[in-house]
Amino acid sequence: MELAKAYSHKDVEAKWYAYWERSGAFKPAAGSGLYFSMVIPPPNVTGSLHMGHALNNTLQDILCRYQRMDGKRVLWVPGTDHAGIATQNVVERRLAAQGLSRTQVGREEFVKRVWQWKQEAGNAILHQLRALGISCDWEHERFTMDQGLSLAVREAFVRLWEDRLLYRAQRLINWCPRCKTALADIEVIHEESDGNLWFIRYPFADDPSQSLIVATTRPETMLGDTALAVHPDDQRYRGFAGKKIRLPITGRVVPLLNDSYVDQNFGTGVLKVTPGHDFNDFEIGERFGLDRISIFNADARIDGSAFSSRGETGDWIDRYNLKDRFEARKLLAAELKEKGFLKKVEPYRLAIGRCYRCQTVVEPYLTPQWFVNIKPLAEPALRAVREGGIRIIPEGWTNSYFAWMENIKDWCVSRQIWWGHQIPAWYCVACDAGNLICNHEGEYIFTKDAHPIVARQTPKSCPQCGGHELVQDSDVLDTWFSSALWPFSTLGWPDTTDDLKSFYPTSALVTGFDILFFWVARMIMMGLKFMEDVPFRDVYIHALVRDEQGQKMSKSKGNVIDPLDIMSQYGTDAFRFTLAAMAAMGRDIKLAEDRIAGYQNFVNKLWNAARFVLINRGEHASSQEDHERILARSDLNLADRWIRSRLASTIAEARKAIDAYRFNDYANVLYQFIWHEFCDWYIEMSKLSLNRTMGADPKQSQRLLVEILEQILLLLHPIMPFITEEIWQVLAGPESKKPRGSLMLESYPGIQPGWIEAETEKAMEFLMNAVRATRNLRTEMNCPPGKEVKVVFHGPAQELSFLRAQEPYLRLLARIGSVEYLTSGERPKGAAMAIVGGTEVLLPLGDMINLKEEQTRLTKEVDKMEEELSRVQKKLSNPDFLGKAKAEVIEKEREKSAQYMEKLRTLNLSLERLGEIEQGRN
Ligand SMILES: [Zn+2]
Ligand SMILES: [Zn+2]
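Below you will find a few notes about this structure.

Criteria and cut-off values
Residues numbered from 1 in each chain as written. Chains lettered and ligands numbered in written order. Predicted model: local features only at pLDDT ≥ 70, side-chain atom pairs only at ≥ 80, totals over all residues. Heavy atoms only, no water. 1 Å grid on protein atoms, 1.4 Å probe; cavity = no way out; pocket = protein on both sides within 12 Å on 5 of 7 lines; lining within 4 Å. Points joined across faces, edges and corners; volume = space filled by probe spheres on them. Nonpolar A, V, L, I, M, F, W, Y, C, P; charged D, E, K, R; others polar. Donors = N, O, S within 2.8 Å, 3.2 Å for Na, K, Ca; no water. Tetrahedral: all angles 85-135°; square planar, octahedral: opposite > 155°, others 65-115°. Helix = DSSP H or I, 4+ residues; strand = E, 2+ residues; numbered from the N terminus. Buried < 20%, exposed > 50% of the residue type's maximum accessible area, 1.4 Å probe, protein only. Core = buried A, V, L, I, M, F, W, Y, C linked by side-chain atoms within 4.5 Å. Contact = heavy atoms within 4.5 Å. Pairing = 2+ DSSP bridges. Patch = residues over 30% accessible without salt bridge, like charges linked within 9 Å, V, L, I, M, F, W, Y side chains within 5 Å. Areas by Shrake-Rupley, 256 points an atom, 1.4 Å probe, with all protein chains shown as cover. Salt bridge = Lys/Arg side-chain N within 4 Å of Asp/Glu carboxyl O. Lys, Arg positive; Asp, Glu negative; His and termini not counted. Charge placed at Lys NZ, Arg CZ, Asp CG, Glu CD. Phe/Tyr/Trp six-rings, centres within 6.5 Å; stacked < 30°, edge-to-face > 60°. Lys NZ or Arg CZ within 6 Å of the ring centre and 35° of its normal.

With respect to empty space enclosed by the protein
The gaps of empty space that remain are located by a probe, the size of a water molecule, rolled over the atoms. Evaluation of the coordinates by the stated rule reveals 1 cavity of 30 Å³ or more. Taken together, Leu 55, Tyr 540, His 542, Ala 543, Met 582, Ala 583, Ala 584, Met 585, Gly 586, Arg 587 and Ile 589 make up the full set of residues lining the largest cavity. Split into classes, the residues belonging to the lining of the largest cavity amount to 8 nonpolar, 2 polar and 1 charged.

A short note on the coordination of the zinc ion (ligand 2)
The zinc ion (ligand 2) binds to the protein through Cys 428 (SG), Cys 431 (SG), Cys 462 (SG) and Cys 465 (SG); the donor distances cover 2.2 to 2.4 Å. Here the zinc ion (ligand 2) binds 4 donor atoms, and the angle range of 106 to 114° at the metal identifies the geometry as tetrahedral. When the donor residues of the zinc ion (ligand 2) are listed from N- to C-terminus, their spacing reads C-x2-C-x30-C-x2-C. Here Cys 462 lies in the loop between β21 (453-454) and β22 (470-472) and Cys 431 lies in the loop between β18 (425-428) and β19 (436-438), a separation of 31 residues in the sequence. Cys 431 sits in the partly exposed class, given a relative accessible area of 40%. Classification of Cys 462 as buried rests on a relative accessible area of 4%.

Points about the nonpolar core
One finds Phe 481, Phe 577, Phe 678, Ile 727 and Phe 793 to be the most contacted residues of the largest nonpolar core, which totals 224 residues. For this core, the leading source of residues is helix α23 (residues 663-690), giving 17 residues. Setting aside its immediate chain neighbours within four residues, Phe 678 contacts Ala 609, Val 613, Ile 643, Phe 673, Ile 683, Leu 705, Ile 708, Leu 709 and Ile 712. One finds Met 222, Val 270, Phe 296 and Ala 333 within the second-largest nonpolar core, a separate group that totals 40 residues.

Points about the pairing of β18
The two faces of β18 match: Ala 425 and Tyr 427 on one face and Trp 426 and Cys 428 on the other face are all buried. Bridge analysis of β18 against β21 gives 2 bridges, and the strand direction is antiparallel. From the neighbouring strand, Trp 426 faces β21, where its bridge partner is Ile 453.

Describing the side chain of Arg 655
Relative to the elements of secondary structure, Arg 655 occurs in helix α22 (residues 638-659). What Arg 655 contacts, discounting residues up to four positions off in sequence, is Tyr 66, Asp 70, Tyr 748, Pro 749, Gly 750 and Ile 751.

Description of a negative patch on the surface
Taken together, the side chains of Glu 548, Asp 562, Asp 565, Glu 593, Asp 594 and Glu 888 define an acidic patch exposed on the protein surface. Note that Asp 565 resides in helix α18 (residues 563-570).

Let's talk about the packing of aromatic side chains
For the structure on display, the rule yields 42 aromatic pairs. An angle of 65° between the planes, with centres 5.6 Å apart, marks the rings of Trp 161 and Trp 370 as edge-to-face. Remark: Trp 370 occurs in strand β14 (residues 363-372) and Trp 161 occurs in helix α7 (residues 147-162); sequence separation between them is 209 residues. Residue classification places Trp 370 among the buried residues on the basis of a relative accessible area of 0%. Ring centres of Phe 488 and Phe 530 lie 6.4 Å apart, and the angle between their planes is 45°; this geometry places the pair in the tilted category. Of this pair, Phe 488 sits in helix α15 (residues 486-489) while Phe 530 sits in helix α17 (residues 516-530), and the two are 42 residues apart along the sequence. Judged by relative accessible area, Phe 530 falls into the buried class, the value being 8%. Linked through ring pairs, Phe 157, Trp 161, Trp 370, Trp 411 and Phe 481 together constitute an aromatic cluster. Over the ring of Trp 138 we find Arg 130; its NZ or CZ atom is 3.9 Å from the centre of that ring. When the ring centre of Phe 402 is taken as origin, the NZ or CZ atom of Arg 386, which lies over that ring, is 4.8 Å away.

Things to note about the layout of surface pockets
In this structure, the second largest pocket occupies an estimated 1,200 Å³ of space. What lines the second largest pocket is a set of 40 residues, and nearest its centre among them are Thr 217, Arg 218, Asp 278, Leu 350 and Ala 351. In terms of residue count, the dominant contributor to the lining of the second largest pocket is strand β7 (residues 188-203) (7 residues). Considering only residue class, the lining of the second largest pocket consists of 17 nonpolar, 13 polar and 10 charged.

Listed below in structure tokens is the structure:
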């Protein structure tokens, strides 16, 4: 085996992924040592890989690969979420394409089709995640609707019920009339929008010539008004207490109430009270025992039977029956106007709640729902974070967590859809006959007064009457109910499995902040409730991946970068490295494609370094047996000791960074070491030991190169698994026919404080500065790169003797032809000079270049630069330009201006130098 001239990720990635998976490298090691476990935030089964997944899973994989190499038994559990509404919508759309609806095929057939869809298309995302190289244990793959997890959901539900932490209530909930389901508060997106304020006359019942004016944003809900209310302190309405109002159109007679909730400054200070369709009115209704009229069907059309069942009559019922709410609003406004009830209409900005799935305007809607009594669960969950049982990183999120948990409301866990865990509650048709209604989809709905039989197994008969006609609650559980159990349900709960004993609590959870409350908080509550222990020790919250300009990626903006395209173009390692290098704690990632291209160069740099090592390593296959022995030797030269010292610091910093979730520091420390220390300096310097110029034993140098490269591969593997494995295997040497043990199962480099030598690093720094100074002088003097120069070092004896000892390096790295060392005495005339430590680096250039010619050339350059600069600066001081140009354009001009100034500075410096040389010569 040998390394191809150029790295080709396409050949390498699939090969090693298959090898890892086949060889069982993703499975936790046997034994009883320390463990590290994580559960993947399960992507929706409908999902396909986006940047958020890519970042999330890259960071998790870095942790897992690192911990595995560091000797822990690592279990990383993968899986998918059944994603109730999202999945139901996908399959509904497929049905619609065939001209069918969900209700036409019926519940049983529909659920069958969802499973079918899941088998065919549902796991796409898991294959895409494999392309990312993630090392989770696929034999542990779970799905929130699989048998084991469904069992766990039932068990949890029944236990909550038994512990009186679940109840049924007729509540006003957020209802999506399109998805036809309840939504949690956090599933409603509120946004400002243009609306109207309608001023409507409400006449008194005893004297229709007198009336109150009510201002409302939703006139159509007046069909459900059951009171009006004013503030008790409102002087305007002092005399009206106890009066009755006759509602326009419906003729319903309702009381005028005093309630201090009413805002005197809104509209006219008179509030219409609609307990069936407004959250605040619902509360007022509770206080005064008002009727709640639910005027809409589930699809937000007027439900005439809501009125006739109350004994109300009139042709208005037929007029409005089955009218959509927005149509009803228009109709009603017109009728009010015609009959003289509409005083005026004003434009008004208001906040509207929309369904987070489909953007339909949400309707507050009365339905019997299941609630989790959350306070008793939230208290221990608060304590766990307060007392340090769980760390939230970065710490700033801890306060958001506290604030949310302290004000938490009971959790509505029922959803009126078909795809999900159907609630394990049954009703006896005989006993609950009076509490039974049929909904518009022909399903039984039991009112709030019904008596659910909650059970683990489908009950055979009614415990009250022994009857056999039992009907299961038609609701399913909120998707987040099953994912709240994910950290222990995936490990086999409610059984006490070996997995649970070995891997719970999990070690860390890596997730985005958007699901801190939806998911993380609920896992903490459920873990503490059912496992009596936290579900994870650390929660690491990562940022968002945005576009180059910091905009959120979205299809409508057209700025989405597809991770699969990126991986295929630049290679997965370059992509993963980019994500890690940019994942600074608490800062969003502004992803630009040229950053990824830049890190692809890094991948190639590593490849070329490995090729150099392989070509020069002689007969040494790999150094596996004598790793530490060679690196630990005391007879190493300066360059060797320096790189060993730098390696030791890099190991320490890399470990510290990864242990603290500072992924960007981890990546950048390795980048610096590999590119700027190993490739730029050490490899160059090793050429002199390989050819016996420095040190007598080239074999030692060969082995050192191999060892350091191997240490680099070990350090880098968690971020760049593919290229590191490829090089690692090739290093096994030409004799080995089959792959050597995988790199991912090797030990992560350990801390080596004994290798760190401050003095060596200082000496090497001095040498490097001397090289840099010479190179800079050469560049400033426009000396052709290939040309060897003469250098004079003038300084204290100690520094000179050091430089003399390292002279071969100086000659090689700075292209020095001849060197002179001057402790005192005359300095050469006409030399360019730089100072390093206490030593002057002098470049006598007078005889190398034509001074006059060079001066003319430089002066021309200066003129040109000044012209350019003044043009840019004129632009930048023009308010017209600043006002009209795009921010990026202005930024570009500013960058140009800074560049020109810097160029001018160096040009002038060179001119000054030439002046000095001229003076010295004269
Ligand atoms: Zn919806
Ligand atoms: Zn019964």
